[in-house]
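# Secondary and tertiary structure notes
As a plain string of letters, each chain reads:
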Amino acid sequence: MKLFIERKKKMDKRPKIEIKLTNTDKAIELIGFLILIAFWGIIIVSYNNLPEQIPIHYNGFGEVDNYSKKSSIFLLPIIGSFLFIILTLISKNPESFNYNVKITEQNAESQYRNSVNMMRIMKIIVIIIFFLIDFKTIKTSLGKSEGLGIWFLPMTLAIIFIPIIYFAYKSYKLK
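Rules used in this analysis
Residues numbered from 1 in each chain as written. Predicted model: local features only at pLDDT ≥ 70, side-chain atom pairs only at ≥ 80, totals over all residues. Heavy atoms only, no water. Core = buried A, V, L, I, M, F, W, Y, C linked by side-chain atoms within 4.5 Å. Buried < 20%, exposed > 50% of the residue type's maximum accessible area, 1.4 Å probe, protein only. Helix = DSSP H or I, 4+ residues; strand = E, 2+ residues; numbered from the N terminus. Contact = heavy atoms within 4.5 Å. Salt bridge = Lys/Arg side-chain N within 4 Å of Asp/Glu carboxyl O. Patch = residues over 30% accessible without salt bridge, like charges linked within 9 Å, V, L, I, M, F, W, Y side chains within 5 Å. Areas by Shrake-Rupley, 256 points an atom, 1.4 Å probe, with all protein chains shown as cover. pLDDT = per-residue confidence, 0-100. Phe/Tyr/Trp six-rings, centres within 6.5 Å; stacked < 30°, edge-to-face > 60°. Lys NZ or Arg CZ within 6 Å of the ring centre and 35° of its normal. Pairing = 2+ DSSP bridges.

### Thoughts on the nonpolar core
Residues Phe39, Ile73, Ile127, Ile129 and Ile133 are the most contacted members of the largest nonpolar core, which totals 21 residues. Secondary structure elements with two or more residues in this core: α2 (23-47), β1 (53-58), α3 (75-90) and α4 (108-141). The biggest single contributor to this core is α4, with nine residues. Beyond its immediate chain neighbours, meaning those up to four positions away, Ile129 contacts Phe152, Thr156, Ile159 and Ile160.

Put into structure tokens, the structure is as follows:
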């Protein structure tokens with residue numbers, strides 16, 4: 001409890017600044033939203049063509065290792081939509097984020113903008129990863145593919161961690 005109170009006091013000292021969206025920010029938000037809509041569209045259009053049992057899980061090599069009912073194809077779009085909304089809401093309060101540098105009046109706007117941009121990019125990355133998993137699930141279910149492929153796990157790790165490292169480095173440089 002004491003740690004929570006100390007963290008709250010520290011956050012109260014951080015400046016609260018409204019980060020206005022630039023045209024680039026708006027475009028990135030729109031792209032993320034359009035990818036999410038396309039994700040739902042592909043799932044809805046493909047649903048009737050799926051067999052009753054579809055792949056639901058893959059091992060580290062991208063091979064199918066479990067099956068479930070075809071209605072499980074909606075799980076990732078539901079989770080993805082929920083995460084998209086949550087990350088959008090969280091991004092409205094960048095003063096509550098954890099930073100690797102001390103937030104001051106002088107660096108608050110640049111640090112907040114950097115962290116909110118990271119959240120925007122991560123939203124898109126999560127939706128794309130979920131989209132690819134379900135897309136490959138549909139292809140595998142229809143006999144047009146065999147699992148995710150061995151490339152999927154390393155590619156997923158790279159597209160998640162490279163932006164995190166980039167934005168953390170940028171935050172350090174902005175201090």
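### A short note on the pattern of salt bridges
Inspection of the entire model under this criterion finds six salt bridges. With a shortest N-O distance of 2.8 Å, Glu29 and Lys123 are connected by a salt bridge. Here Lys123 lies in helix α4 and Glu29 lies in helix α2, a separation of 94 residues in the sequence. Overall, the relative accessible area of 22% leaves Glu29 in the partly exposed class. Owing to a relative accessible area of 3%, Lys123 belongs among the buried residues under this scheme. Note that Glu109 is salt-bridged to Arg113, the shortest N-O span being 3.9 Å.

### Some remarks on a nonpolar patch on the surface
Together, Leu153, Leu157, Phe161, Ile164 and Ile165 make up a nonpolar patch on the protein surface, roughly 450 Å² of accessible area in all. By secondary structure assignment, the location of Ile165 is in helix α5 (residues 152-174).

### Comments concerning the environment of Leu50
Assignment of secondary structure puts Leu50 in the loop between α2 and β1. Relative accessible area serves as the criterion here: at 5%, Leu50 is assigned to the buried category. Taking the C-alpha atoms as reference points, Leu50 and Leu132, 82 residues apart in sequence, are found 16 Å from one another. Contact partners of Leu50, with chain neighbours within four places excluded, come to Lys70, Ile73, Ile138, Ser141 and Leu142.

### Structural notes on the environment of Lys170
Looking at where Lys170 falls in the secondary structure, it is placed in helix α5. Sequence separation of Lys170 and Ser110 is 60 residues, and the distance between their C-alpha atoms is 9.9 Å.

### Structural notes on the confidence of the model for the protein
On average, the protein scores 91 in pLDDT, and the residues at 70 or more come to 93%. Across the protein, element-level confidence peaks in α2 with a mean pLDDT of 96 and bottoms out in helix α1 (residues 2-13) with 57.

### Brief notes about the packing of aromatic side chains
By the definition in use, this model includes seven aromatic pairs. Relative to Phe152, the ring of Trp151 has its centre 5.5 Å away and its plane inclined at 70 degrees; by these criteria the two rings are edge-to-face. We classify Phe152 as buried; its relative accessible area is 7%. A connected cluster of aromatic rings, assembled from ring pairs, spans Trp40, Tyr47 and Phe74. Residue placement shows Lys70 over the ring face of Tyr47; its charged tip is 4.6 Å from the ring centre. Taking the ring centre of Phe84 as reference, the NZ or CZ of Lys123 above it sits at 4.5 Å.

### What about the pairing of strand β2 (residues 64-69)?
Note that β1 and β2 share five bridges and pair antiparallel. Pairing of His57 across the sheet is with Asn66, part of β2. With antiparallel pairing between neighbouring strands as the criterion, β1 and β2 make up a hairpin whose turn holds five residues, including Gly62 at a positive phi of roughly 80 degrees.

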